[in-house]
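What follows is each chain in one-letter form.
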Amino acid sequence: MSCADKILARGELVARRRALGASGQRVVFTNGCFDVLHRGHLETLRHARALGDCLMVGLNSDVSVRALKGIGRPLNGQDDRAQLLAEFECVSHLCLFDEPSVENLIAELLPDVLVKGGDYAPEDVVGRQLVEACGGRIVVVPRWPGRSTTELSSRLRS
């Protein structure tokens, strides 16, 4: 599958999730800004992909990142971030979303497994209750020490 084929409109991603579920495939979902890709992102995505047959990624749009992170972010635009994520073999499909919270997208997808990085406690994962109510599970992947956008940004400033 080409990288361009991995980047889907939201409705297409939801339809793909339904088709995969109907065929008995386990769908894993994670989300984030992925503003400055680093090893921690890659390892989280690899770990997530290993938990199922398909890894879907929700990518915060530029509007969403600005709402969450403030003026000056994202450092990389949504088209560049989407293309870079699509290059990862472990990413099956991705879509952009504009809301500050991913909860509505999770409600539409209802993945079998919802994955977040180790900076989250399981009870704080957005969409946890929705996924668990449908029989899905939450997985928090351990952090890679020293590998976060915030830490990289701090090192660049100093």
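Presented here is a report on the structure given in the accompanying data block. (Residues numbered from 1 in each chain as written. Predicted model: local features only at pLDDT ≥ 70, side-chain atom pairs only at ≥ 80, totals over all residues. Heavy atoms only, no water.)

## Structural notes on the overall build of the protein chain
In terms of regular secondary structure, the protein chain is built from 8 helices and 5 strands. With respect to the principal axes defined by its C-alpha atoms, the protein chain has extents near 50 × 30 × 25 Å. Residues counted as buried form 44% of the 158 residues belonging to the protein chain. Counting only contacts in the protein chain whose residues sit at least 6 apart along the sequence, the fraction spanning at least 24 positions is 74%. Carbon and sulfur atoms make up 50% of the accessible area of the protein chain, which totals about 8,200 Å². On the protein chain, the mean spot of the 20 positive side-chain charges and the mean spot of the 20 negative ones are 4 Å from each other. (Helix = DSSP H or I, 4+ residues; strand = E, 2+ residues; numbered from the N terminus. Buried < 20%, exposed > 50% of the residue type's maximum accessible area, 1.4 Å probe, protein only. Contact = heavy atoms within 4.5 Å. Areas by Shrake-Rupley, 256 points an atom, 1.4 Å probe, with all protein chains shown as cover. Lys, Arg positive; Asp, Glu negative; His and termini not counted. Charge placed at Lys NZ, Arg CZ, Asp CG, Glu CD.)

## Side note on the pattern of salt bridges
According to the stated counting rule, one finds 8 salt bridges in the structure shown. Of the charged contacts, one joins arginine 39 and glutamate 43 as a salt bridge, the two residues approaching to 2.7 Å between their closest N and O atoms. Residue arginine 39 and its partner glutamate 43 are both found in helix 3 (residues 39–49); the two are separated by 4 residues, about one turn of the helix. The shortest N-O distance in the salt bridge between glutamate 43 and arginine 46 comes to 3.1 Å. With glutamate 43 and arginine 46 both in helix 3 and 3 residues apart, this pair spans about one turn of that helix. (Salt bridge = Lys/Arg side-chain N within 4 Å of Asp/Glu carboxyl O.)

## Looking at the sheet that holds strand 1 (residues 27–32)
Read from one edge of the open sheet, 5 strands run 3-2-1-4-5, paired in parallel fashion. Because the sheet does not close on itself, it has two edges, and the strands there are strand 3 (93–97) and strand 5 (137–141). Within this sheet the neighbouring strands show an average axis-to-axis angle of 25°, counted without direction. Bridging between strand 1 and strand 2 (residues 54–60) involves 6 bridges; their strand directions are parallel. What sits directly across from asparagine 31, in strand 2, is glycine 58. Here helix 2 (residues 10–22) sits on the sheet and contacts strand 1, strand 2 and strand 3; the angle it forms with strand 3, its principal contact strand, is near 140°. (Pairing = 2+ DSSP bridges. Axes fitted to C-alpha atoms, helices over the stretch in contact; angles between N-to-C directions.)

## Considering helix 4 (residues 62–69)
It helps to recall that an α-helix has 3.6 residues per turn; residues three or four apart then point in one direction. Those residues of helix 4 that fall on the buried side of the exposure criterion are Asp62, Ser64 and Val65. In an axial view of helix 4, the angular spread of the buried residues amounts to 160°, which keeps them on one side of the axis. Residues of helix 4 that are exposed and point over 90 degrees away from its buried face: Val63 and Ala67. If you follow the buried residues of helix 4, they end up packed against strand 2, helix 5 (78–87) and strand 3. Positive backbone phi, at 95°, marks glycine 70, one or two positions downstream of helix 4. (Arc of directions from axis to C-beta.)

## Here's the deal with the pairing of strand 5
Relative to strand 5, strand 4 (residues 113–117) runs parallel, the two sharing 5 bridges. Its bridge partner lying in strand 5, valine 113 is registered against arginine 137. A crossover connection joins strand 4 to the parallel strand 5 through helix 7 (residues 128–133); in handedness this β-α-β unit is right-handed. (Right-handed = clockwise from strand over helix to strand, strands pointing away.)

## Re the side chain of aspartate 35
Topologically, aspartate 35 is positioned in the loop between strand 1 and helix 3. In this structure aspartate 35 comes out as buried when scored by relative accessible area, which is 2%. Here the side chain of aspartate 35 touches leucine 75 through a polar contact of 2.8 Å, landing on its backbone nitrogen. Contacts of aspartate 35, omitting those with residues within four sequence positions, involve Arg73, Pro74, Leu75, Asn76 and Arg81. (Polar contact = N/O pair within 3.5 Å; in protein donor to acceptor, adjacent residues only side chain to side chain.)

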